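Inside the fold
So you can see what is in the structure, the chains are spelled out below.
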Amino acid sequence: INVNAPEAVVSQMAEQINKEEIEQSRYSLHDFFQFLDGNSVDSGLDWFVDAKEKLLRILFSPSWLTSISDIDQADASFLLDLIKERRIEHQMAVVHLRNLLMSSANDDRNKTQFILPTKCFSQSIALLTCRSLTCQVSDFCKESKKRKLMPHYIPSWLRGDSQPAINNGIDDDIYWFLRSYRNAFDCQLADAIFDIMMGILLDRVRSSNSTSEQLLILLQQTIYHEREFSQIDHIRRARQVLQPDQQATVSFVGSCLGAIEADALLICLVCKIAEELSTTSQASALCGIYSHLATDVLDNIMVLPKWPDLFFSVIVRLRGEGHLASLLNEGGVLDNFDWCEPWKQGISLLRHDIMADLTEAENNLRNAQRDVMQFHQHYRACPHCRGLFGVDQRNCGQFTCGRDAHGVGGGPAVGGQAVRETFGCGQTFSIDQSLPYNQSRQHTEDQAALQQLSGEYERKKNIFDEFNNGAALRMRATQFDVPSMSFHVRRELLDGIFPSANLIDIMPEEESNPGTRLLIGILDYLPNLEHLSYLPYMVEFYVFVHKTFRHMVTKEQAMNTKVENIMDEHLLTNRFGSIDCANLQHVWSKVVKGVNAFLDANDSVVNWNCEEVNVPFRDITTCSLMSILSEMEHPTEGHDYLFLIINELVLRYNNFVKSVGAITNSDNGELYEEEIHPRTLVGASKGSIIVN
């Protein structure tokens, strides 16, 4: 293992080995790690951590696992314990455990057939993994000895407040499967297993061209077998786990692995239906002989939080909002689903019409209310006919309904002008005898008109609110984040059903492969990329701040204004509207999380052309607006710290792309030198990789 261990430590360890102070029977990873622990005191921990990581990469690489006749159970258990105790990061846990589970499995056959992940696993390692997993649900009825509910694994990005499945009056398998949908596994080992299974399922769906109907049938069979699993089967399984028979074929129905596999299969099915709707506007599961079963699954699962976001995010990602609108509109495939009703609102094509209608209704109501207010202040009613009249001048205080009190030339007049026609009832009265506006005939008519205009306004307002709600839901779908399920380097573009991409998988099987050292270097470089997914949000926020405030505030105002104050929800809503405000708030939350994590990981230091620049804050919410605005020509002369962070992430990304390109083009000796713009990092692709 090539590590920068102190020379004195290496000499001391070599001396112990030469003197045979280490028992020859101690060959386990656990004992060797303890041996390293004993020689790492007072010598620094960097080399020690590096040695452990590289040792795990070697001993759990495919080339090593396939070269040994039998995997030591103690070493496998040690790896599982490391993962459970979160002593290795999630990404490497997925890589090592996947290699271990697939080590002795004969997965080369049936490459074009869909096979569940547990059928691809090494039986002995899978049983050992079952023993290491703990489930928080007791799922057997004491009286009938039958399974009363199904334990579930829910990935963190799908977790929300649990809701019961729809009770359609029939205790069918789907209702039984989903009636207690809450997470029963809370450990990194379950997280790693789920990611492994999702990766295998997605690969199998892609390679075998499986349809949503085929996945639906497989899910139905899986749920049926899980429900029929009895307590007697459970006891038999427990014995099998404790005393595994290498010759016997093991079924993982009823186990923790089986539960996680069923939930991964459900997610895969929902995403496959969405993908088929995106490509052909039809899903085989929804139009075949099992359409009633698919409808039952969707009706039950889509009442749960975040599931609709996942479903619609796949459609928006693959075909866009216009295609989603066509599916939701009258006559579309999704038109008759009740859970789609809130999503039908907010179609972007109708936004301007809805806002124009609401504005017109508001203006009509406001004008009518203003007229009524003027009538209250300046108009009176005839005490005889209750007709409305305006008072220009009081003079003698005598009035004639519908004309001037004294007329002109002995004839009727209005406003001092002789008229041939007469208005009003023509009876005379004094101003003191006149009635207020609210007792006039006009008041009754005006109130009826106001009521009608107010009702029209409320109707338009409800339409607008429904549109905003639907638009917010659709925006949630476009912003739905799903982390990568597995880690691969691939040359072909991945247009799969899942909105995540694959990055790094396994070490090359041949140690002599010229890309081996480079791949190890990339694995070492991966921690530098952990903040890269926030880069598009930082760029969008940077552009927003400069377009909005660059020429609006003085330097003194920018120095005295905190960034969190300009992102106040009330202020943003008044300025940009509720829909744009929701998007800005989402972008802002991502920027806060990404920038603060970057500053914490890098001790608030960024680089610019070989210069180290100290960022004077650790929390972007508390910094001044001036800190993220451009002031000087050179970024290090003034403020503009957000730009420096964006610049460093871009450099890291491009360096990584060059390294990946060196591997993916190593067969023809050409390096992939084109730099990819960081905006393509999320939800897009170019060249030889996709990263989400």
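Refer to the structure presented above.
Not measured: the values here are computed from a predicted model. Within each chain, residues carry numbers counting from 1 in the order of the written sequence. It should be noted that, the model being predicted, local features are given only for residues of pLDDT at least 70 and side-chain atom pairs only at 80 or more, the latter also being counted only at that level, while totals for whole chains, interfaces and linings use all residues. The basis for the side-chain values is all heavy atoms of the structure; hydrogens and waters are excluded.

The next point concerns the pattern of salt bridges. In what follows, salt bridge is the name for a side-chain nitrogen of Lys or Arg lying within 4 Å of a carboxyl oxygen of Asp or Glu. Applying the stated criterion across every chain yields a total of 7 salt bridges. A salt bridge links Asp-600 to Arg-618; the nearest nitrogen and oxygen atoms lie 3.4 Å apart. Separated by 18 residues along the polypeptide, Asp-600 in helix H25 (residues 578-601) and Arg-618 in the loop between strand E9 (611-614) and helix H26 (641-664) bring together distant segments of the chain. What makes Asp-600 exposed here is its relative accessible area of 56%. Any residue under 20% of the maximum accessible area for its type is buried, any over 50% is exposed, and the rest in between are partly exposed; the area is computed with a 1.4 Å probe on protein chains only. By relative accessible area, which is 42% here, Arg-618 ends up partly exposed. The partner of Arg-652 in a salt bridge is Glu-648, and the shortest N-O contact between them spans 3.0 Å. With a gap of 4 residues between them, Arg-652 and Glu-648 both fall in helix H26, about one helical turn apart. Residues Arg-652 and Glu-648 agree in their burial class; the two are buried. Counted as one network, the salt bridges with shared partners bring together Asp-600, Asp-603 and Arg-618. The helix and strand labels rest on DSSP assignments: H or I over at least four residues marks a helix, E over at least two residues marks a strand, and numbering proceeds from the N terminus.

Two aromatic rings from Phe, Tyr or Trp, using only the six-membered ring of Trp, form a pair when their centres are within 6.5 Å; if the ring planes differ by under 30 degrees the pair is stacked, by over 60 it is edge-to-face, and anything between is tilted. Scanning the model with the defined rule gives 14 aromatic pairs in all. Between the aromatic rings of Tyr-153 and Phe-194, the centroid separation amounts to 5.0 Å while the plane-to-plane angle is 35 degrees, which identifies the pairing as tilted. With a gap of 41 residues between them, Tyr-153 in the loop between helix H7 (123-132) and helix H8 (173-178) and Phe-194 in helix H9 (residues 188-208) connect regions that are remote in the sequence. In this structure Tyr-153 comes out as buried when scored by relative accessible area, which is 3%. The class of Phe-194 is buried, set by a relative accessible area of 0%. Judged by centre distance (6.0 Å) and plane angle (50 degrees), the rings of Phe-312 and Trp-339 are tilted. Note that Phe-312 is positioned in helix H15 (residues 307-319) and Trp-339 in the loop between helix H16 (321-328) and helix H17 (341-344), a separation of 27 residues in sequence. Given a relative accessible area of 0%, Phe-312 falls into the buried group. With relative accessibility at 11%, the residue Trp-339 sits in the buried group.

Quick look at the packing of helix H6 (residues 90-101) against H9 now. Here H6 crosses H9 at 65 degrees, and the two axes come no closer than 9 Å. Every pair of crossing elements has a handedness; the one defined by H6 and H9 is right-handed. Counting all contacts with H6, which are made through His-90, Ala-93, Val-94, Leu-97, Arg-98 and Leu-101, the residues of H9 involved are Gln-188, Leu-189, Asp-191, Ala-192, Ile-193, Asp-195 and Ile-196. For helices, the axis comes from a line fit to the C-alpha atoms of the stretch in contact; other axes are also lines fit to C-alpha atoms, and the angle between any two N-to-C directions lies between 0 and 180 degrees. Handedness of each helix crossing follows the sense of rotation of the near helix against the far helix: counterclockwise by less than a right angle gives left-handed, clockwise gives right-handed. Contacts were defined at the residue level, with two residues in contact if any of their heavy atoms lie within 4.5 Å.

The next thing to look at is the side chain of Ser-624. Along the polypeptide, Ser-624 turns up in the loop between E9 and H26. Judged by its relative accessible area of 15%, Ser-624 falls in the buried class. Not counting the four nearest positions on each side in its chain, Ser-624 is found in contact with Ala-558, Met-559, Thr-561, Lys-562 and Val-563.

Turning our eyes to something else, we now look at the sheet that holds strand E1 (residues 379-381). For two strands to count as paired, DSSP must find a minimum of two bridges between them. Taken together, 3 strands build an open sheet; the order of strands is E2-E1-E7 and the sheet is antiparallel. The sheet is open, and its two edges are formed by strand E2 (388-390) and strand E7 (435-436), each paired on a single side. Judged from the 2 bridges that link them, E1 and E7 form a sheet pairing that is antiparallel. Pairing of Arg-380 across the sheet is with Pro-436, part of E7.

Where strand E8 (residues 605-608) lies against E9, 4 bridges are found, and the strand directions are antiparallel. The residue of E9 that forms the bridge with Trp-608 is Glu-611. Taken together, E8 and the strand that follows it, E9, pair antiparallel across an intervening segment of 2 residues, in which Asn-609 is found at a positive phi of about 50 degrees.

Two elements in contact, helix H10 (residues 212-228) and helix H12 (residues 256-280), have axes whose closest approach is 9 Å; the angle formed by their N-to-C orientations is 155 degrees. If you check the angle between H10 and H12, you find them roughly antiparallel. Judged by the sense of rotation from one axis to the other, the crossing of H10 with H12 is left-handed. Between H10, through Ser-212, Leu-215, Leu-216, Leu-218, Leu-219, Thr-222 and Glu-226, and H12, the contact on the second element is made entirely by Gly-258, Ala-259, Ala-262, Leu-265, Leu-266, Cys-268, Leu-269, Lys-272, Ile-273 and Glu-276. Asp, Glu, Lys and Arg are counted as charged, while Ala, Val, Leu, Ile, Met, Phe, Trp, Tyr, Cys and Pro are counted as nonpolar; the rest, among them Gly, fall into the polar class. Looking at the contact of H10 with H12 residue by residue, the class counts come to 11 nonpolar, 3 polar and 3 charged. In this scheme, roughly parallel covers angles under 35 degrees and roughly antiparallel covers those over 145, while 65 to 115 is roughly perpendicular and the rest are oblique.

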